[in-house]
Amino acid sequence: MSAPLAIVTGATGGIGGACVTTLLRDGWRVLATGLGGSPEPGGSANTADLFLDADLTDKSAPDRVVKAALDSFGRVDGLVHCAGTSRVAAFLDQTDDDWDRVIEINLSAAHRMARSVGKAMVSMQQRGAMVMISSIAWLSGGANPAYGASKGGLNSVVFNIAQALGPHGIRANAIAPGIIATEMVRNAFPGGAFERLDMAASARTPLRRLGQAEEVAEVAAFLLSERASFVNGAVVPVTGGIELLPPIGMLAGSLQ
């Protein structure tokens, strides 16, 4: 039997690239997608079995990606959807254009990608799994109103997929990372702001550090695998515990 095939979107980003590397290590074949032509030489996306330049805001792109997977590999067994964007903005400064772009990329494009993969899996009568990269911002609001709203919506889509496709043996789960030290996050906070973010977030996180893309990828690989065969419709936090309220005694200064 040939090795299973996973589609990884957003593979030129930190989490997406780490997912490519981790899945290849675990014996998957990988079709990776990203923006900007060929992936960076030596980058993780460049190691995939096939790379496609795909702008997922193009409504026809997901079907083309899935067709390429079927034409090249004859199957689709998994999806790790990492493609996403953010715009740091306070509530009163959130523009309509930025709102529309974040919702389109993080939510609408994710729905289309999952739908295309789901149709292929159901038509081939094969089991499979989907992992959508959400964010702990679905609980906290995140860097801007659109980002938190898009990730909350994405989780709702995952719940729906889990119910609709579960009878077909297809699982769907989400990962909600906390603050992960990727280039996207670094670039969103230039001029020393990232260093201040690192210090403040690490102080708030029980593990006292930011997360790494590889730590998210390990959870994605688990959820995609048969080791997670009864995990369906879950939102798994990979946050180091940043979202936890400190014990009341610590807040009162009576506990260290």
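Cut-offs used in this document
Residues numbered from 1 in each chain as written. Predicted model: local features only at pLDDT ≥ 70, side-chain atom pairs only at ≥ 80, totals over all residues. Heavy atoms only, no water. Helix = DSSP H or I, 4+ residues; strand = E, 2+ residues; numbered from the N terminus. Expected span 1.5 Å × (residues − 1). Bend = angle between axes of the 7 residues up to and from the residue. Core = buried A, V, L, I, M, F, W, Y, C linked by side-chain atoms within 4.5 Å. Buried < 20%, exposed > 50% of the residue type's maximum accessible area, 1.4 Å probe, protein only. Contact = heavy atoms within 4.5 Å. Pairing = 2+ DSSP bridges. Right-handed = clockwise from strand over helix to strand, strands pointing away. Disulfide = S-S within 2.5 Å.

Participant: Would you mind showing me how to read helix α3 (residues 96-123) here?
Facilitator: Residues that lie three or four places apart on an α-helix share one face, since the helix turns once every 3.6 residues. In a regular helix each residue adds 1.5 Å, so 28 residues correspond to 40 Å; α3 covers 38 Å between its end C-alpha atoms and thus fits that length. Taking the largest bend as the criterion, α3 deviates by roughly 40°, centred on Glu104. Remark: Gln125 follows α3 within two positions and exhibits a positive phi of approximately 55°.

Participant: I tried to follow the nonpolar core on my own but got confused; where do I start?
Facilitator: One recurring pattern in soluble globular proteins: nonpolar side chains tend to sit buried together. Counting 31 residues, the largest nonpolar core has Ile7, Leu31, Leu79, Met113, Val117 and Met130 as its most contacted members. Residue assignment for this core shows that the elements contributing at least two residues are β1 (5-9), α2 (61-73), α3, β5 (128-133), α5 (145-165) and β6 (170-177). No other element matches the 7 residues that α3 contributes to this core. Aside from chain neighbours lying at most four places away, what touches Leu79 is Ile7, Thr9, Met113, Ala114, Val117, Ala129, Met130, Val131, Met132 and Leu224. Counting residues in hydrophobic clusters, the runner-up holds 29 residues, among them Ala18, Cys19, Val80 and Ala129.

Participant: What is the right way to read the pairing of strand β4 (residues 78-81) from this model?
Facilitator: Along any regular strand, the residues point their side chains to alternate faces of the sheet. Residues Gly78 and Val80 line one face of β4 and the alternating positions Leu79 and His81 line the opposite face, and both faces are buried. Pairing between β1 and β4: 4 bridges, direction parallel. Among the inter-strand pairings, Ala6 is bridged to a residue of β4, identified as Gly78. Inspection of the sheet shows β4 paired to β5 by 4 bridges, in the parallel sense. Within β5, the residue paired with Gly78 across the bridge is Ala129. For the crossover that starts at β4, traverses α3 and ends in the parallel β5, the hand is right-handed.

Participant: Honestly, the environment of Val80 in this entry has me stumped. Any pointers?
Facilitator: Summarising the element assignment, Val80 is placed in strand β4. Sequence separation of Val80 and Thr9 is 71 residues, and the distance between their C-alpha atoms is 6.5 Å. Those residues within four positions of Val80 in sequence are excluded, and the remaining contacts are Ile7, Val8, Thr9, Cys19, Leu23, Val131, Ala220 and Leu224.

Participant: Which parts of the structure should I look at to understand the state of the cysteines?
Facilitator: In a disulfide, the sulfur atoms of two cysteines are covalently bonded to one another. Taken as a whole and judged by the stated rule, the model has 0 disulfides. No disulfide involves Cys19; its sulfur sits 4.1 Å from the nearest other cysteine sulfur, which is in Cys82. Among the residues examined, Cys82 registers a relative accessible area of 15% and is labelled buried.

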